[in-house]
Structures are given as structure tokens and as C-alpha cells.
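The lines below spell out each chain.
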Amino acid sequence: MRRTWLTTTFLIAGICVCTARAEAVSDVRISQVYGGGGSANPAAAYHRDFVELFNAGSVAVDISGWAIEYGSPTGNWGGTPALNVFTFPPGTVMQPCRYLLIAMPNTSSTGTPYMGAALPVTPDFEGVAFPVTSGPQLTLGSTNGKVGLFSAASPNTPCGSEGGALVDKVAYGTSNCPDGTAAAALSITTGSVRRGRGFVDTDNNSADFTVESPPVPHNSSASLCNLPVPENVLATPQCGAISIGWDTVAGAVGFRVKRDGVVITGMDTIFAPPFVDASPGNSQRCYEVCTISIDGDGAYSPASCAVAGSAPTVKAASKDATVPEGGKTGFSVFATGSNLTYVWRKNGVAIPGAPNARFISLDNVQTSDAGAYDALVCNACGCDSSTAMVLQVCPTPSATVPNLVYGVIGDASASISATISGAVSVQWLRDRLPVTNGPDFSGATTATLTIMDLAAQDAGLYQVSVTGACTPTAISNVCYFAVVEDASVVTIVMHPSNQSVALGSPATFSVLAAGGGTPTYQWQKFDGKSWRSVPGATASVYSDPSVDASDLGSYRCVVTASNGVAVFSNPASLNSVGLRLLTVGYKQLACGSAMVTWTTNEPVTAVVKYGSDCRSLSATTAASPLGLSGSAVIELPATAFAMFQIVATTPGGATVQSSCTPAYFPSMQLSVEVSAMPGYGNLYAVEDGIAVRIRLRNDGCVAIPGPITLEKLALNGVSPRKSDGSVDLPRDLTVPALESGETRDVDGVMFSRSEVGLPSGSDATLWGSIRYGEKQNVAVAGKVRLP
């Protein structure tokens, strides 16, 4: 049972000196009950009953005249005063944090000893044999019953009529009148023991008492004031503060906290967890906690350290970037603080789908992506934003010019105009050489080039070169500038060229004509006797999408001026090239088999002959379909290679064959892939490191014995680094062997990001070599996309 009371405590040199209080009676409580003594059964735990009291308070309590009274499960308190009531004699004082043990007689009224072991400690009040009236004379029930502690004896009091004299009570088994609900039933080997060694008191017997076998009694020499240190001391960051929590210790009257080995100023008092250090500063602080008992301070716990939480501070941000349209770039920020979140913004507006990370990658950048980027970095204590990182996007420059412009000899000038976009500078070219302003030209660096005092030598091929703000130069198509003597007459300034193509391939003829108003065009083909018009070929360009044997021959174009005067282009021939195998190759499919591939300049059907040597190509594949390319699978499982030859035939009967070529089925073959690991690793503890993964795969038919060694490696020309900054070039990849078909990843090769010098999202070149087997090497090379 508990009553509410106010404690006033003073600490001097770590020792608690307290004044007495009338309210302290509520701290005296029943801590153990054992009713299995006084038994003739040798299985009894002890040879006498006992009741144990405990003073859980911080001051001594005079219990002179107090009484312990027993009641049967349904009877009154102290129903038989001579057997059920014990009154404490004058001068009985319970010291704080100590016990008092009252033991019953260990013999019967006739002197017969009871069975069971002697108590392990000497009782503070010894029982005497009946019928002597001095000393404790309580007969307790071994299974069910109730024991009450009264501030004055009140024998034969019914349950519910105790008044203010009742200090504490415990009912066990089926007994009535419990605090809350009754504690569990007992036996001759078990006792009812208050939890927390006497400190727990929730006014509920079933919750406060547990059954122990055997119970262990304590007398007044026992104390709980030498208490253990608090456990689970944990310093937890808060915004601008640190909270220190710990597990409470039963019997403690308080706790004391040290910060960095010194009791916190103003905190040399008693308090319970948690403690919040409201002014820890910005550095790491370490805290220790000790238990304060009636006898003074205990030992301090191990330290727990933390840094007070604070709003983030963005320390650095990427520089502005200028990127060509379609290129890639990225921005990053560095901020201090814990549990950070990142919101990337463009022109002050959050970017949908942007990563919650300290860097953002921008791929395939368009002009619409230009703007001011920043990152809002937040945690539970606040936010900070980075400086703006400006992205400028340079449009891709382009320029086009007419295919043909002409002027008349003697004219004062003629102009060629270009359509230009995305350019910051322009330069006209004639026959690929720069044109300069002077007496012959003006506008050499503008969209329109003017050619003055036209003469025959001004004719030529003109182009315009344009440069964007941050991209390579782009060059337009070619404009043929022609100079004619009479604008009314058609002049062919570019005649068609001879064509040699494979049958089935396309062929194109073109002609450029100047003057003649609006000329018309008609292509003709010579049939061996005369020129005949090609139906539908009435433009300056004539294309045949698929040439066959009947299309071969000579072609010309008739260009007719608006005045009806026609001119003829030079004839151009369309020829068929001879049948050729353009490519022949193979690719291993599995041990003992390979796929042979080929391409030709004319459609063919093909077969592959193969065998163990060129003199016995006895095996043959099925004929492949008609086409310009094909493939076939060859198999010789018992050998490490096969010799093969491709025989290709056109529908017209033309045949071509490849040389006899080996296709190897290697028994040991190592392939290597490289890639950057996602995110950055911790390198030097102050900067990001680029972690590279090397993936090894045995594409051969037998195991590759180890060790597999890394001969050399560099990323963007930079060697790997260890965390201490020294060069790291592991020659042993710790790969003892690779079975056929096995893949193994080797992680943790680290490069310094600052030394590599490339932004996030960019590509870096990784190169090196790996040695395996006796004398075999494989190159490590590729583009690595940085995180």
C-alpha cells in the first residue's frame, strides 16, 4: 500500500541526512511471507514461518507498538490474538533501506522440533515456544491466508474495518481482503516475495509479489543501499540539446550526471531519467550516470557520447555549369548535420522526382533545363539552402544552304544565304578554305555571303561553318555556286557520276543545272541502240532502290530550259561489282560449337563446310536463305577448334568461297567488365571515393586456376587509393580460381574523386590489364559512369 508524501532531501558530501516524517510509515511494507514452517513434513523449506518487513524510504521509522496480524482466508485480522498477533516492543526502529525479520517458533508447544532447514540468517525477533506470551506468536497458513501490518494492534478486526491503522497487507491464495487481487497460493516450500527486493508497491498483491522456492529472508543487517550503476545509459541528440536516458535502479533515491567527467553545473542534485542537457554546445559530449542511495553516491556508468542536433549548414556547392544541348552534367552540395534530407529546386521550385541525395545528375540536357539550381537541406532542427548553381545550356548549332546558286558573269554581285540556328559565330568556306571580307567577298561571318564582280573563277563549292557557345563546330551542306554567261540558257554545272553497286543494292544519279528559267528534267537510259526515257524519272535526282541485271547500263539527263532549249548531261554508267564476301567471322556458343557469320555485296544462298582440317571439310550446314548476310552453327565437340569454309552462290550462278579458316573453342577464356558502384564511399574520412567493381567471367570450357592478378589499373589516368591516401594496386584479386561459366565480382577498388576530377554522372575511362593462366592477359578497359 502507498500514500502520497513529499520528500525534502539534503546532500552533504554525498551522504543523505534527512529529517523524520510521520508520512514515512507508508515506506514500511511487508516484503516476504512464508507459512510453510511449523510442519512435521521433512520437505518443508524451513522449520519456522516468518514475515519480513522492508523500509523503502529514506528515513528511519519507529514502529514501536506496531503489530503484525494474521487472518485466515475468510476470517478477521488477528482472529485468535494469542496466536495471530505480534506487537513490536518499544524502541523498535526500522532504518531506511533495511529489513526486519520476524520468525515464528521452531518447536511445538510440547517442545517437539518442526521439520525443515534452519533460516539462513538470524531473525531480528525470535519465536518462543507456546504458551509463552512474549515474542512473536503467529501461526500462518501454508497455502492460503493474509498478513497485515498495523500501526497499532487491532485484533479480531473484520476485513474492511481496519481504519487508518492498516499500513500494508498481503493476501495469498484464496484469501479475501487483498490489495488489488491476491498473490498466488503458497506451499511448504514456497514463499511470497515482493518484487524489486521490496521496492515495488503498486497496491496490487498479484502484481507486487512473486512466488519463490525457497524464499531467502533478510534481517536488519541487510541493506539495498549499495546499489549497482545504472544500465543502458544512452545519450541521444535533440535539436540544440542532448537527452540522457538510463534504466532506473530499484532502491535508488536519485541519480547524478557527469558531462565530460565533471558534474554538470547546477545539477548536483537528485533527479530521475531522462536528463536533458540544454546547453551542450556543438562538440561531442560524453555523459556518465551514478546511482545515489541512502549511503551516498555509487559508481558511475560507462560513458555515452553524442553531439547535439542542429539545423544543417550547407558548406559548399558545385560551380555553375555550361553544357551543350543533349549533354550531361550534375550538381552537388556538402552540408553538415545529421539525418539530412535534400530537396533539389530549379528557380526556387522543387524538381519532381529529384533524388533525396546530395547530388543530382542531369542527362540529355535541353535548353528548357537551363536555370538556377539549389538544394534545400533539412533535418528535424531546421533547413538551410545552398547557393544557386546556374546551368546554361548551349543550343546545338546548325546551318543549311541551297544546293545550287548561280550568277551571271559581269553582274555586280550574287548572294548565298544560309539558315542558321544556335550559333554565336559564323564563317563561310570556299572549297573548305575560309573566306575573308575584301574586294571579292562581303558578309564572310554573317548568314549571307555576297560575291562581287562575278567572274568564271568565282564558281566553286561553298559552305558555312557555325560554332555554338560550348559545342564543336558544325558545317553545313555544300552549295555549288555556278557562274554562267546567259541566265536564259541552261548550263549543267554538275554531271552525274558512274555507279558500281552490288545487285539488289540502291543506286542514285543526280545533276545540277543553272539558268534556263525553270528547267525540266528527264532521265534516259541507253538500250544499246538509242536513248530511251526512264518512266517517272523527271527530277534532278534519279534513284533505283534495288538494282538488278536489267538496270545495268548508261544513263543521262535531258535538262530543258523554259525557252525550250535542251541540254544533255554527260552519260554515267551503272555497273555491277563482282560477287564478294565482305565479312567472315565466328562466335563461340559453347564448348565445341560456334556460330559462323558472313556478309556479301549481293544476295546469295550459302553453305558452310567444316571439319578438323582443311583437307577433310566433310561436314556441311544446311543452305541459308537468300540474303546479304547469314549465319550457321558448326559443332565439333571433341576438338578445341574447327576449320570452316563458306561457299556463297547468287541466283544467277555466280559463286564465291572463303578461305579455309579456323574457329577456336578456347578451353580457358577470361572476360572482364567494369562499372562504378552506386553512391560514393568514404575515402580519407573527408571526401568521396569512387568505388569500382571488376566482374570476372570464365567463358571457357575448363576452370581458370589462380591466382588471377591485376597488373595495372587507372581511372581517368589516376591510380587507386587506400583510405590513408597511399596508392593501392592489389596484385592479388583474391580469386583463387574460376570454374567454367562462373562469374565473380571484385569490389572495393577505390579512387579519389577529387583526383579523378570529373562531376557526378560523367564518364571516366578505366584501363588496365589482368593476368591469368601461365601467360595469358586480358585488358581491363571501358567507360565507367560516375555515381
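Residues numbered from 1 in each chain as written. Predicted model: local features only at pLDDT ≥ 70, side-chain atom pairs only at ≥ 80, totals over all residues. Heavy atoms only, no water.

Thoughts on the overall build of the chain
Convention followed: Working definition: helices are DSSP H or I runs of at least four residues, strands are E runs of at least two. Numbering for both runs from the N terminus. The reference for a compact globule is 2.2 Å times residues^0.38; the radius of gyration itself is calculated from the C-alpha atoms. A simple rule labels every residue: compare its accessible area, found with a 1.4 Å probe on the protein chains alone, to the largest value its type can have, and call it buried under 20%, exposed over 50%, or partly exposed in between.
Helix and strand counts for the chain stand at 3 helices and 67 strands. Taken over C-alpha atoms, the radius of gyration comes to 51 Å for the chain, far larger than the 28 Å a tight globule of 787 residues would show. With respect to the principal axes defined by its C-alpha atoms, the chain has extents near 160 × 75 × 50 Å. Buried residues in the chain amount to 42% of all 787 residues.

Considering the nonpolar core
Let me state the cut-off plainly: Within this scheme, the nonpolar core is defined by two criteria: the residues are buried Ala, Val, Leu, Ile, Met, Phe, Trp, Tyr or Cys, and they are joined through side-chain atoms within 4.5 Å. Residues are treated as being in contact if the distance between any of their heavy atoms lies within 4.5 Å.
In this structure, Leu 670, Leu 696 and Ile 770 are the most contacted members of the largest nonpolar core, which totals 29 residues. Within the residue set of this core, elements represented by two or more residues are strand 59 (670-676), strand 61 (687-698), strand 63 (709-715), strand 65 (743-752), strand 66 (763-772) and strand 67 (776-785). Once residues lying within four places of it in the same chain are set aside, the contact partners of Leu 670 are Leu 696, Arg 697, Ile 704, Ile 708, Leu 738, Ile 770, Tyr 772 and Val 778. Counting residues in each nonpolar core, the second largest holds 27 residues, with Phe 86, Leu 100, Phe 125 and Ala 183 among its members.

Some remarks on the state of the cysteines
Note the threshold: Disulfides are defined in this document as cysteine sulfur pairs within 2.5 Å.
By the definition in use, this model includes 6 disulfides. Between the sulfur atoms of Cys 239 and its disulfide mate Cys 381 the distance is 2.1 Å. Measuring the twist about the S-S bond at about -100°, one finds the Cys 239-Cys 381 disulfide to be left-handed. Within this pair, whereas Cys 239 is found in the loop between strand 14 (234-238) and strand 15 (241-245), its partner Cys 381 is found in the loop between strand 28 (371-379) and strand 29 (382-385), the two being separated by 142 residues in sequence. Looking at Cys 479, it has no disulfide partner, and the nearest cysteine sulfur is the one in Cys 557, 19 Å off.

Brief notes about the packing of aromatic side chains
Let me state the cut-off plainly: Pairing of aromatic rings covers Phe, Tyr and Trp, the last through its six-membered ring, and needs centres within 6.5 Å; plane angles under 30 degrees mean stacked, over 60 mean edge-to-face, and all others mean tilted. For a lysine, the NZ atom is tested; for an arginine, the CZ atom; a charge sits over a ring if that atom is within 6 Å of the ring centre and within 35 degrees of the ring normal.
On inspection of all chains with the given rule, the structure shows 18 aromatic pairs. Seen from their ring centres, Tyr 46 and Phe 50 are 6.1 Å apart, and the 65° between their planes marks the pair as edge-to-face. Note on accessibility: Tyr 46 and Phe 50 belong to one class, buried. An aromatic cluster of three or more residues is present, and its members are Phe 509, Trp 523, Tyr 542 and Tyr 555. Its guanidinium or amino end placed over the ring of Trp 77, Lys 146 lies 5.8 Å from that ring's centre, counting from NZ or CZ. The side chain of Lys 258 reaches across the aromatic face of Tyr 300, ending 4.2 Å from its centre.

What about the sheet that holds strand 11 (residues 166-172)?
Just so we agree on the cut-off: At least two bridges found by DSSP between two strands is the condition for calling them paired. Throughout, an axis means a line fitted to C-alpha atoms (over the contacting stretch in the case of helices), and angles, computed between N-to-C directions, take values from 0 to 180 degrees.
Strand order across the open sheet formed by 4 strands is 7-6-10-11, with antiparallel pairing between neighbours. At either end of the open sheet lies a strand with only one pairing partner, and these are strand 7 (85-87) and strand 11. The mean inter-strand angle of the sheet, taken between neighbouring strand axes irrespective of direction, is 10°.

A look at the side chain of Asn 379
What counts here: What qualifies as a polar contact is a pair of N or O atoms within 3.5 Å, subject to a donor-acceptor requirement within protein and to the restriction that residues adjacent in sequence count only when both atoms come from side chains.
Topologically, Asn 379 is positioned in strand 28. Looking at Asn 379, its side chain comes within polar contact range of the main-chain oxygen of Ser 338, at 3.1 Å. In terms of polar contacts, Asn 379 uses its side chain to reach the backbone amide nitrogen of Cys 381, at 2.9 Å. Discounting residues that sit within four places of it in the chain, Asn 379 has contacts with Ser 310, Ala 311, Pro 312, Ser 338, Asn 339 and Leu 340.

Details of the environment of Val 604
Looking at where Val 604 falls in the secondary structure, it is placed in strand 53 (residues 593-611). Of the residues examined, Val 604 reaches a relative accessible area of 1% and is grouped as buried. With 172 residues separating them in the primary sequence, Val 604 and Arg 432 have C-alpha atoms 42 Å apart. When near neighbours in sequence (up to four residues on either side) are disregarded, Val 604 contacts Leu 579, Pro 625, Leu 626, Gly 627, Ala 648, Thr 649 and Thr 650.

Comments concerning the sheet that holds strand 27 (residues 359-362)
Judged by pairing direction, the sheet is antiparallel, and its 3 strands sit side by side in the order 22-24-27 without closing on themselves. With one partner strand each, in any of the chains shown, strand 22 (313-317) and strand 27 form the two edges of the open sheet. Averaged over all pairs of adjacent strands, the angle between their axes in this sheet comes to 20°, without regard to strand direction. Sheet topology places strand 24 (residues 329-336) next to strand 27; 4 bridges connect them, and they run antiparallel. Bridge assignment links Gly 330 to a residue of strand 27, and that residue is Ser 361.

A short note on the pattern of salt bridges
Where we set the bar: We define a salt bridge as a side-chain nitrogen of Lys or Arg found within 4 Å of a carboxyl oxygen belonging to Asp or Glu.
On inspection of all chains with the given rule, the structure shows 13 salt bridges. Residues Glu 126 and Arg 48 are paired through a salt bridge, measuring 2.4 Å at the closest nitrogen-oxygen approach. One end of the pair, Glu 126, is in the loop between strand 9 (99-103) and strand 10 (145-150); the other, Arg 48, is in the loop between strand 3 (28-34) and strand 4 (50-55), and 78 residues separate them in sequence. According to the relative accessible area criterion, Arg 48 is buried, its value standing at 8%. The partner of Arg 194 in a salt bridge is Asp 208, with the nearest N and O atoms 3.7 Å apart. Taken together, the residues Arg 194 in strand 12 (residues 191-194) and Asp 208 in helix 2 (residues 205-208) connect sequence positions 14 residues apart. In this structure, Arg 194 and Asp 208 share a single accessibility class: buried.

Points about unusual backbone geometry
Residue Pro 214 is bonded to the preceding Ser 213 through a cis peptide linkage, with omega at -15°. Phi at Asp 260 takes a positive value of approximately 50°, unusual for a residue other than glycine. Looking at the element boundaries, Asp 260 is found in the loop between strand 16 (254-259) and strand 17 (262-263). Its relative accessible area of 37% is what places Asp 260 among the partly exposed residues. If you check the backbone angles, Asn 347 has positive phi at about 55° while not being a glycine.

Description of the confidence of the model for the chain
Do not read the predicted coordinates in detail wherever pLDDT is low. The condition is simple: Every residue gets a pLDDT, meaning the predictor's confidence in that residue, from 0 to 100.
Scored by pLDDT, the chain has a mean of 86; 90% of the residues are at 70 or more. Note on residues 1-23: pLDDT is under 50 here. Beyond four places in sequence and across chains, it has 43 contacts.

A few points about the pairing of strand 21 (residues 304-307)
Here strand 21 shows one buried face, formed by Ser 304 and Ala 306, and one open face, formed by Cys 305 and Val 307. Two elements, strand 19 (residues 284-293) and strand 21, share 4 bridges in a ladder whose sense is antiparallel. Along strand 21, the bridge assignment pairs Arg 285 with Ala 306.

Examining the environment of Val 408
Here Val 408 is to be found in strand 32 (residues 404-408). With relative accessibility at 16%, the residue Val 408 sits in the buried group. For the pair formed by Val 408 and Tyr 772, sequence separation is 364 residues and the distance between their alpha carbons is 73 Å.

Thoughts on a nonpolar patch on the surface
The condition is simple: Residues enter a patch when their relative accessible area is above 30% and they make no salt bridge; the linking distance is 9 Å between like charges and 5 Å between nonpolar side chains (Val, Leu, Ile, Met, Phe, Trp, Tyr). Accessibility throughout is a Shrake-Rupley quantity obtained with a 1.4 Å probe, and a residue counts as covered only by protein chains that appear here.
A surface patch of nonpolar side chains, amounting to about 210 Å² of accessible area, comprises Leu 461, Val 478 and Met 494. Structurally, Met 494 can be placed in strand 42 (residues 491-494).

Some words on the environment of Cys 557
Topologically, Cys 557 is positioned in strand 49 (residues 553-560). Expressed as a C-alpha distance, the spacing of Cys 557 and Val 567, which sit 10 residues apart in the sequence, is 8.5 Å. Here Cys 557 is in contact with Val 511, Tyr 521, Gln 522, Trp 523, Val 567, Phe 568 and Ser 569, once residues within four sequence places are set aside.

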